[in-house]
Amino acid sequence: MTAAADLLYDETDEELRGNLRGMLSERSPWSKVLARVESPETCDSKLWAVLAGEMGLAGLAVPEELGGAGATWRQVAVVLEELGRAVAPVPYLGSAVIATRALLHCGERDLFAELASGRQCAALAVPFSAMAGTVTPSVSADGDALTGTVTSVADALIADVLLVPTADALYAVSAADATRTSVVSLDMTRQLCDVAFDGARARRIASGPAAVSAVTAALTTGAALLASEQVGVAQWCLDTTVEYLKTRYQFGRQVGSFQALKHRLADLWTRITQARAVARYAAARAADAADAAVPGASVDAERSVDAQREEAIAAALAQAYCSDAAVLAAEECVQLHGGIGFTWEHPAHLYLKRAKSSAIALGTPDRQRAALARMVDVPAA
Amino acid sequence: MTVAEPITAAVLQKLVAEFLAAHDPRAAADGGARLDFLRARFDAGLAWIHYPPGLGGLGAPRALQPVVDAEFAAAGAPDNRPGWNAIGLGMAAPTILRHGTDEQKHRFLRPLWTGEEIWCQLFSEPGAGSDLAGLGTRAVRDGDDWIINGQKVWTSLAHIARWAILVTRHDPNLPKHEGMTYFILDMHAPGVEVRPLRQITGESEFNEVFLTDVRLPDSLRLGAVGEGWTVARSTLMNERVSIGGGAIPREGGAIGVLANLWRDRPDVRTPGRHDDVMRAWVDAEAARLTATRFRQQLAAGEVGPDGSAVKLTFATLMQRIAGLELEMRGEESLRHEDWDLGRGRDVPFLNRIAGYRYLRSKGNSIEGGTSEILRNIISERVLGLPSEPRSDKDIPWKDLPR
């Protein structure tokens with residue numbers, strides 16, 4: 001059995017959070033995010049350059065000897081909380097988490113050094129709704145030429161490299177060799193695209209079971225870490241709603257003094273407090289699983305299997321819990337703001353769209369519960 | 001003890017070892033030897049180490065208490081049976097320590113800690129539950145004494161308690177929060193009558209306590225006349241800290257009973273129930289991790305508000321899980337075991353039948369602060385939302401509508 005997980009933040013985490021929040025509020029306030037989602041380039045490549053290049057956050061969880069910062073997924077989770085809080089339109093989840101985890105699993109040193117440094121950006125070419133263990137590849141290989149289409153891929157519009165699963169392998173393809181068609185997305189702060197390959201030149205980076213497990217590891221860690229982004233979204237919604245209810249007067253008193261509303265916010269706070277514990281647990285287990293499977297290191301097979309199993313449970317739990325928590329927070333935010341919360345000019349809708357899309361991403365809560373049931377031996381009726 | 005060095009775990013282990021060398025823990029299994037051992041432990045400052053020297057402690061960090069307890073347990077030493085004196089240890093003692101006179105501290109804390117004297121809490125009244133400050137039990141000054149009249153309710157342990165902490169109204173002409181005075185009550189005094197209160201499970205864990213012309217010396221007053229509300233609040237603060245419990249493993253609580261029922265009994269499984277069970281599983285695991293995180297915060301010296309979230313969700317979860325189990329068991333659940341449970345049974349909660357757990361858990365969202373009051377506290381103290389406009393704060397207690 002794996003050791004107890006530390007669910008707290010340490011000083012480094014808080015320092016990271018402080019720096020990031022300051023940078024984001026300066027460079028990516030919600031008014032800019034709102035303007036950007038209506039512009040032709042929805043992804044903020046300048047902000048991405050700061051995050052990945054200047055701040056070195058793209059390679060946060062990559063070991064130092066492999067070109068990264070040698071921190072852990074626990075700190076990546078802190079970054080995601082802040083990016084969620086700002087609904088920042090950058091491909092951090094897709095490139096620095098999901099694609100990076102896939103490449104770490106394959107031992108693709110050259111490529112993830114590129115990602116870690118922020119020189120390149122990658123995306124795993126699966127629908128954003130795909131859940132670990134349920135991916136059905138829609139692209140086929142003929143030699144090293146790929147053909148097929150993948151719909152609704154996240155963080156791929158800005159990617160330099162696409163990681164493409166086929167029935168029996170995982171390939172790296174230069175994004176320039178694919179046709180990417182942007183999609184009007186429910187969450188325009190994370191715009192999706194359809195990706196078509198027509199005999200695209202590809203390089204095989206994993207084959208057979210190793211390819212399958214690389215995709216599974218990537219989507220599992222993605223799910224575990226997305227929970228922290230959802231906590232960030234939820235916390236913003238709560239904080240903003242509480243502040244609004246302190247300043248809004250109706251019936252001659254602060255709206256926030258009505259017990260009917262206070263109790264809803266107390267329940268929401270309780271839910272978010274729990275979501276945070278669950279998300280911290282998932283991040284800790286993702287870190288354990290990555291540690292137990294560092295490429296090239298002497299891997300204790302039993303420890304690695306245990307760690308992966310526990311990460312999978314923690315990730316499914318986190319998505320089952322934090323998805324609903326973030327959606328509830330965003331829905332309460334819209335409702336408790338009243339009329340202003342229903343307008344385009346108020347940022348609440350950005351958070352609602354992010355929350356609902358994220359709940360569907362990487363497996364909906366009910367699918368996560370079904371997967372969890374199998375893992376913890378609560379068989380279907 | 002006079003040490004200049006800081007008290008560390010190693011220092012404490014050495015002190016316990018020295019104590020155990022002088023006091024054979026094995027010989028102290030029962031009877032008088034057991035009490036002598038506990039008294040000596042108190043006098044050595046190894047009882048509650050964060051208390052001051054001379055009052056059972058060393059003025060040491062509270063976080064190191066588990067080190068001391070573990071050493072005593074490992075040596076097979078008798079403990080003070082903390083489960084029997086939860087109110088004394090968790091509520092009366094910190095209140096006496098903070099607000100008591102030196103004489104009161106020296107008289108009460110030692111037999112309290114050793115368990116020689118059990119304590120109960122006379123706070124709630126039929127007319128003052130969530131609004132504790134509305135209580136009406138009267139204390140009237142009579143020379144050096146006070147005469148107490150009133151009725152208290154939901155008093156656990158009153159039938160075995162030697163002493164009680166008591167909040168009264170000494171002046172009905174003052175606004176509610178100002179007219180209160182706090183006492184220690186002798187439960188053996190004439191005029192104290194304890195009656196069992198039967199609850200929805202059929203058993204009587206609690207009591208009603210009737211106080212009729214009970215005479216109380218002024219030396220048993222805790223805090224100044226009129227300071228009752230301040231003192232009561234510090235007692236209740238301790239109540240919130242003491243709820244939470246120890247670390248439990250995954251499926252270690254009621255959810256484990258439910259999950260095992262599902263595993264062992266294919267006949268209870270339906271497709272609809274499957275997702276209900278998994279939703280409960282997810283919420284129970286989230287609650288468990290929240291409690292774990294809260295304990296980690298306490299251990300790191302961060303006293304945050306997360307404990308309120310723990311209590312709030314624990315209550316609803318227990319109710320939901322037991323209710324679900326009751327339905328899953330179908331016909332079996334229509335048949336109950338016993339409604340004549342007297343003072344209750346000494347059976348671990350999770351070993352009780354689902355029907356009992358369903359009913360008993362209804363108390364979880366009422367006792368120790370209702371969930372509604374807890375939501376007020378979270379919204380005001382954690383989120384900083386304003387309180388509802390109130391009309392009861394500034395008028396004399398006697399003029400309040402009731």
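Residues numbered from 1 in each chain as written. Chains lettered and ligands numbered in written order. Predicted model: local features only at pLDDT ≥ 70, side-chain atom pairs only at ≥ 80, totals over all residues.

1. Observations concerning the overall build of chain B
And then number 1: Regarding its fold elements, chain B presents 12 helices and seven strands.
And then number 2: Over its C-alpha trace chain B gives a radius of gyration of 23 Å, about what one expects of a compact globule, namely 21 Å for 402 residues.
And then number 3: Once the C-alpha set of chain B is aligned to its principal axes, its extents read approximately 70 × 65 × 45 Å.
And then number 4: Here chain B holds 402 residues, and the buried ones make up 38% of them.
And then number 5: Taking contacts inside chain B between residues at least 6 apart in sequence as the whole, the part at least 24 apart equals 70%. (Helix = DSSP H or I, 4+ residues; strand = E, 2+ residues; numbered from the N terminus. Rg over C-alpha atoms; globule rule 2.2 N^0.38 Å. Buried ≥ 20, exposed ≤ 12 C-beta atoms within 10 Å, placed from the backbone. Contact = placed C-beta atoms within 7 Å.)

2. Examining the overall build of chain A
And then number 1: What chain A contains, in helices and strands, is 11 helices and nine strands.
And then number 2: In summary, chain A has a C-alpha radius of gyration of 20 Å against a globular reference of 21 Å for 381 residues, a match within 12%.
And then number 3: Seen through its C-alpha atoms, chain A measures out along the principal axes to roughly 75 × 50 × 45 Å.
And then number 4: Out of the 381 residues in chain A, the part that is buried amounts to 57%.
And then number 5: A separation threshold of at least 6 residues defines the contact pool for chain A, and within that pool the share at least 24 residues apart is 77%.

3. Quick word on the environment of B:Leu350
Residue and element names in this part refer to chain B.
And then number 1: The residue Leu350 is located in the loop between helix 10 (331–334) and helix 11 (354–361) in this model.
And then number 2: Between the C-alpha atoms of Leu350 and Gly253, which are 97 residues apart in sequence, the distance is 7.5 Å.
And then number 3: For Leu350, the contacting residues outside a window of four places in its chain are Ala254 and Val257.

4. Re the domain arrangement of chain A
Residue and element names in this part refer to chain A.
And then number 1: Domain boundaries in chain A define domain 1 (11–121), domain 2 (124–209) and domain 3 (212–375).
And then number 2: Taking only C-alpha atoms into account, the centre of domain 2 sits 26 Å from that of domain 3.
And then number 3: Residues belonging to the side of domain 2 that touches domain 3 are distributed by class as follows: 11 nonpolar, three polar and two charged. (Domains from an automatic or database assignment. Nonpolar A, V, L, I, M, F, W, Y, C, P; charged D, E, K, R; others polar.)

5. Focus on the pairing of strand 4 (residues 163–169) of chain B
Residue and element names in this part refer to chain B.
And then number 1: Strand 4 sits mainly inside the fold: seven of its seven residues count as buried.
And then number 2: Side chains of strand 4 alternate between two faces, with Trp163, Ile165, Val167 and Arg169 and Ala164, Leu166 and Thr168 buried alike.
And then number 3: Here strand 1 (residues 119–122) pairs with strand 4 via four bridges, running parallel. Bridge pairing in strand 4 links Trp119 to Trp163.
And then number 4: Where strand 4 lies against strand 5 (residues 180–186), seven bridges are found, and the strand directions are antiparallel. Along strand 5, the bridge assignment pairs Thr168 with Thr181. (Pairing = 2+ DSSP bridges.)

6. Section: the packing of helix 5 (residues 92–106) of chain A against helix 7 (residues 208–247) of chain A
Residues and elements named next belong to chain A.
And then number 1: Contact geometry of helix 5 with helix 7 gives a least axis separation of 8 Å together with a crossing angle of 145°. Helix 7 is crossed by helix 5, and the crossing has right-handed handedness. Mapping the contact onto sequence places Leu93, Val97, Ile98, Arg101, Ala102, His105 and Cys106 in helix 5 and Ala210, Ser213, Ala214, Val215, Ala217, Ala218, Leu219, Thr221, Gly222, Leu225, Leu226 and Glu229 in helix 7.
And then number 2: Among the residues making up the contact of helix 5 with helix 7, the classes are represented as 13 nonpolar, four polar and two charged. (Axes fitted to C-alpha atoms, helices over the stretch in contact; angles between N-to-C directions. Left-handed = near helix turned anticlockwise from the far one by under 90°.)

7. Quick look at the pairing of strand 2 (residues 138–142) of chain B
Walk down a regular strand and you will see the side chains alternate between the two sheet faces.
Residues and elements named next belong to chain B.
And then number 1: Bridge analysis of strand 2 against strand 3 (residues 145–153) gives five bridges, and the strand direction is antiparallel. Of the residues in strand 3, the one forming a bridge with Asp142 is Asp145.
And then number 2: Linking strand 2 back to strand 3 in an antiparallel pair, the connection comprises two residues, with Gly143 at a positive phi of about 65°.

8. A short note on the environment of A:Tyr92
All names here are of chain A.
And then number 1: Its place among the elements puts Tyr92 in helix 5.
And then number 2: The class of Tyr92 is buried, set by 26 C-beta atoms lying within 10 Å.
And then number 3: If we skip the residues at most four places from it in the chain, Tyr92 touches Leu51, Val79, Leu80, Leu83 and Val97.

9. Details of the domain arrangement of chain B
And then number 1: Entries for chain B in the domain assignment read domain 1 (1–79), domain 2 (119–241) and domain 3 (244–367).
And then number 2: Inter-centroid distance (C-alpha atoms) of domain 1 of chain B to domain 3 of chain B is 35 Å.

10. Points about helix 1 (residues 9–22) of chain B
Residues and elements named next belong to chain B.
And then number 1: Across its 14 residues, helix 1 extends 20 Å between first and last C-alpha, which sits within 8% of the 20 Å expected from 1.5 Å per residue.
And then number 2: Listed in full, the buried residues belonging to helix 1 are Leu12, Leu15, Val16, Phe19 and Leu20. For helix 1, the buried positions fall inside an angular range of 135° around the axis, keeping them on one side. In helix 1, the exposed positions angled more than 90 degrees off the buried face are occupied by Ala10, Lys14, Ala17, Glu18, Ala21 and Ala22.
And then number 3: In this fold, the buried residues of helix 1 make contact with helix 2 (31–43) and helix 3 (65–74). (Expected span 1.5 Å × (residues − 1). Arc of directions from axis to C-beta.)

11. Let's talk about the confidence of the model for chain B
And then number 1: A residue-level look at chain B finds 97% of positions with pLDDT of 70 or above and a mean pLDDT of 92.
And then number 2: Across the predicted assembly, pTM comes out at 0.91 and ipTM at 0.95. (pLDDT = per-residue confidence, 0-100.)

12. A word on the interface of chain A and chain B
And then number 1: Between chain A and chain B, the contact holds 35 residues from the first and 39 residues from the second.
And then number 2: When residues of the side of chain A that touches chain B are assigned to their parent elements, the largest contribution, 14 residues, is made by helix 8 (residues 259–291) of chain A.
And then number 3: Residue composition of the side of chain A that touches chain B, by class: 18 nonpolar, eight polar and nine charged.

13. Describing the nonpolar core
Looking at soluble globular proteins, one finds that nonpolar side chains tend to be buried together.
And then number 1: Counting 184 residues, the largest nonpolar core has A:Leu162, A:Val278, A:Ala318 and A:Ala329 as its most contacted members.
And then number 2: Examining the composition of this core, we find that 19 residues originate from one element, helix 7 of chain A, more than from any other.
And then number 3: Among all residues touching A:Leu162, those that are not within four sequence positions of it are A:Ala123, A:Ala125, A:Ala156, A:Val173, A:Ala175, A:Ala178 and A:Val195.
And then number 4: B:Phe19, B:Leu135, B:Ala158 and B:Ala161 belong to the second-largest nonpolar core, a separate cluster that totals 62 residues. (Core = buried A, V, L, I, M, F, W, Y, C linked by C-beta atoms within 7 Å.)

14. Structural notes on the environment of A:Leu111
And then number 1: Locating A:Leu111 in the fold gives a position in helix 6 (residues 109–117).
And then number 2: Measuring from C-alpha to C-alpha, the distance between A:Leu111 and A:Cys121 comes to 9.7 Å, with 10 residues separating the pair along the chain.

15. A short note on helix 3 (residues 45–54) of chain A
Residues and elements named next belong to chain A.
And then number 1: Taken as a whole, helix 3 has its buried residues at Leu47, Trp48, Leu51 and Ala52. The buried residues of helix 3 occupy an angular sector of 115° when projected down its axis, which confines them to one face. Of the residues in helix 3, the exposed ones pointing more than 90 degrees away from the buried face are Lys46 and Glu54.
And then number 2: Where helix 3 is buried, its residues meet helix 1 (11–27) and helix 5.
And then number 3: Positive backbone phi, at 65°, marks Gly56, one or two positions downstream of helix 3.

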